[in-house]
Amino acid sequence: MKKENNSMNPDNQNQASANVIIQEVKKAVIGKDDCILKAVAAILAGGHILLNDIPGVGKTTLAVALANSMSLAQNRVQFTPDVMPSDLTGFSMYRKDSGTFEYQPGSVMCNLLLADEINRTSPKTQSALLEVMEEQKVTVDGVTHEVPAPFIVIATQNPFGSAGTWMLPEAQLDRFMVCLKLGYPEMEEEIHILKGMQRREEVRPVITKDELLAMQREVDHIFVQEELYQYVGDLADRTRKHPMIDLGLSPRGTMNVLQMAKAVAFLNQRSFVIPEDVREVFEDVCVHRVVLNTKARVAHKDVGQVLEEILRQAPAPKILRQV
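This is a predicted model, so every value here is computed, not measured.

Calculation criteria
Residues numbered from 1 in each chain as written. Predicted model: local features only at pLDDT ≥ 70, side-chain atom pairs only at ≥ 80, totals over all residues. Heavy atoms only, no water. Core = buried A, V, L, I, M, F, W, Y, C linked by side-chain atoms within 4.5 Å. Buried < 20%, exposed > 50% of the residue type's maximum accessible area, 1.4 Å probe, protein only. Salt bridge = Lys/Arg side-chain N within 4 Å of Asp/Glu carboxyl O. Helix = DSSP H or I, 4+ residues; strand = E, 2+ residues; numbered from the N terminus. Axes fitted to C-alpha atoms, helices over the stretch in contact; angles between N-to-C directions. Left-handed = near helix turned anticlockwise from the far one by under 90°. Contact = heavy atoms within 4.5 Å. Parallel < 35°, antiparallel > 145°, perpendicular 65-115°, else oblique. Nonpolar A, V, L, I, M, F, W, Y, C, P; charged D, E, K, R; others polar. Phe/Tyr/Trp six-rings, centres within 6.5 Å; stacked < 30°, edge-to-face > 60°. Lys NZ or Arg CZ within 6 Å of the ring centre and 35° of its normal. Pairing = 2+ DSSP bridges.

(A) Representation of the nonpolar core. Judged by nonpolar contacts, the single largest core of 74 residues is most densely connected at Leu44, Ile49, Leu62, Leu66, Ile154, Met260 and Val278. Formed by 25 residues, the second largest nonpolar core is a distinct cluster that contains Leu113, Ile118, Val138 and Val140.

Below you can see the structure in the form of C-alpha cells.
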C-alpha cells in the first residue's frame, strides 16, 4: 500500500494516528508490512480476521500486538476438542443466597478475542461464535448480553496437518472480513528477527478504544463514487459466473470488499475510494469465500490465480478524485 499525499484533503489526526498503529505493530512483527496494513484496515472497517498459515510465522504475535497498540481488552482461547460453547459465551450460575441465576461472562466479553487454532475445536464450539461475530451479542438461557465495543475476533488456523481438526464451514468463514497469510520471512528479515531476540521492543498503546471507535465511524463516511459501486458489484458477479467457481462471493463479502476499500483509503489519508483500493483488498476478502470446482483443479488453478484473472478482466472505472 502506497502512502499518498493529497493536497485536497486536510490533515486528519485520526488518519495519522491509524498509521502510528501500523508503525507500532511493526516493532513485534518483522517484514510483514502488507499483512499488518490489511489487518489494521480490517479492524478499522469493523471486521474480523482469519490468519490462515503454518505454525511459528507470527500469527499470535500479530494479534497480540494489534490489541496492545489499540488499548484493547483481550482474551485468548487456545482451542482444543474439549473447549465448550459456554467457555466462549458464558453461562448462568444459580446463587443460593439470592435465589436467582447470575450470568458468568465467557471469553467473548472483551474487545479482541484471539481464537487460537480455531479448527482444533468441535463444530458445536465453533458455531458459538456465529451470533457474536455478526450481531455483537450473545444469548444465554434466553437472555441477551452485549459484548463491549469495539469487538473483534482474530482467529488462527493451520491449513496443514488436518488430523484431528474440523475445518470451518462456509457459513462461518463468511463471517471473517479477510483471510490473511503471513508466510515465511525473507532471509534478511529472519536474520533481523534473530538479532532482535534478546532486545524485543514492547508494543505500547498508541490510541484508546474511543479513538478506535471514532476512526471506525470516519471509515464508514469515506466517499464512494457511483462508478465504484458498479465496479465492486461487477467483480462480485464475475465470481458467481466464473466457469471454475462453484461458490462465488456472498452479498456480505461484497459489502466487505467496499468497507475494506474505504479503510485502505483512510489509511492513505484520503476521504474517497479509488479503484486501486478495491483491487488491493479484493483477494483478501474473497480467498476464503470462493470455492473452486473440478475444472479449476484439472487446470491446476488455485483461488488466488482465478481471482487475479477476474481482476484483469473486469474494467476498472476512471473516476474523478473527490475531496
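(B) Geometry of the pattern of salt bridges. Within this structure, the stated rule accounts for 17 salt bridges. A salt bridge links Asp116 to Arg76; its shortest N-O distance comes to 2.6 Å. A residue pair is termed long-range when its members are at least 10 positions apart, and Asp116 in strand 5 (residues 112-116) and Arg76 in strand 2 (residues 74-78) qualify at 40 residues. Here Glu135 and Lys137 are joined by a salt bridge, their closest N and O atoms 3.5 Å apart. Note on Glu135: relative accessible area 42%, which makes it partly exposed. Taken together, the shared-partner salt bridges in this structure form one network comprising Glu134, Asp174, Arg175, Arg252 and Arg289.

(C) The arrangement of helix 3 (residues 59-69) in detail. Among the 11 residues in helix 3, 8 count as buried, and that is most of the element. Of the residues making up helix 3, those classed as buried are Lys59, Thr60, Leu62, Ala63, Ala65, Leu66, Ala67 and Ser69. Ser71 sits one or two positions beyond helix 3 and adopts a positive phi of about 60°.

(D) Examining the packing of helix 12 (residues 275-286) against helix 14 (residues 303-313) more closely. Put simply, helix 12 and helix 14 touch, their axes get as near as 10 Å, and they point 145° apart. Once helix 12 is placed against helix 14, the crossing between them reads as right-handed. For the pair helix 12 and helix 14, contact is made by Arg279, Phe282, Glu283 and Cys286 and by Gly304, Leu307, Glu308, Ile310 and Leu311, respectively.

(E) Inspection of the side chain of Gln216 at higher detail. Mapping Gln216 onto the fold places it in helix 9 (residues 209-220). For Gln216, a relative accessible area of 13% gives the class buried. Ignoring any residue separated from it by four or fewer positions in sequence, one finds Gln216 in contact with Ile43, Leu44, Gly46 and Pro150.

(F) Expanded view of the packing of helix 10 (residues 226-241) against helix 12. Between helix 10 and helix 12, the shortest axis-to-axis distance is 10 Å and the interhelical angle comes to 30°. When the interaxial angle is binned, helix 10 and helix 12 end up roughly parallel. Once helix 10 is placed against helix 12, the crossing between them reads as right-handed. Between helix 10 and helix 12, the contacting residues are Leu228, Tyr231, Val232, Leu235 and Thr239 on the first element and Pro275, Val278, Arg279 and Phe282 on the second. Partitioning the contact of helix 10 with helix 12 into residue classes produces 7 nonpolar, 1 polar and 1 charged.

(G) Spatial organisation of the packing of aromatic side chains. Using the criterion set out here, one finds 1 aromatic pair in the structure. Against the face of Phe272 rests Arg270, its NZ or CZ located 5.8 Å from the ring centre.

(H) Quick look at the environment of Pro159. Along the chain, the position of Pro159 falls in the loop between strand 8 (152-157) and helix 7 (170-173). Classification of Pro159 by relative accessible area gives partly exposed; the value is 35%. C-alpha of Pro159 to C-alpha of Asp53: the two residues are 106 residues apart in sequence and 6.2 Å apart in space. Contacts of Pro159, omitting those with residues within four sequence positions, involve Asn52, Asp53 and Ile54.

(I) Structural context of the pairing of strand 7 (residues 143-146). Bridge count for strand 6 (residues 137-140) against strand 7 is 4 bridges, and the pairing is antiparallel. Bridging from a neighbouring strand, Lys137 pairs with Glu146 of strand 7. Where strand 6 hands over to strand 7, the hairpin turn is made up of 2 residues, of which Asp141 adopts a positive phi near 55°.

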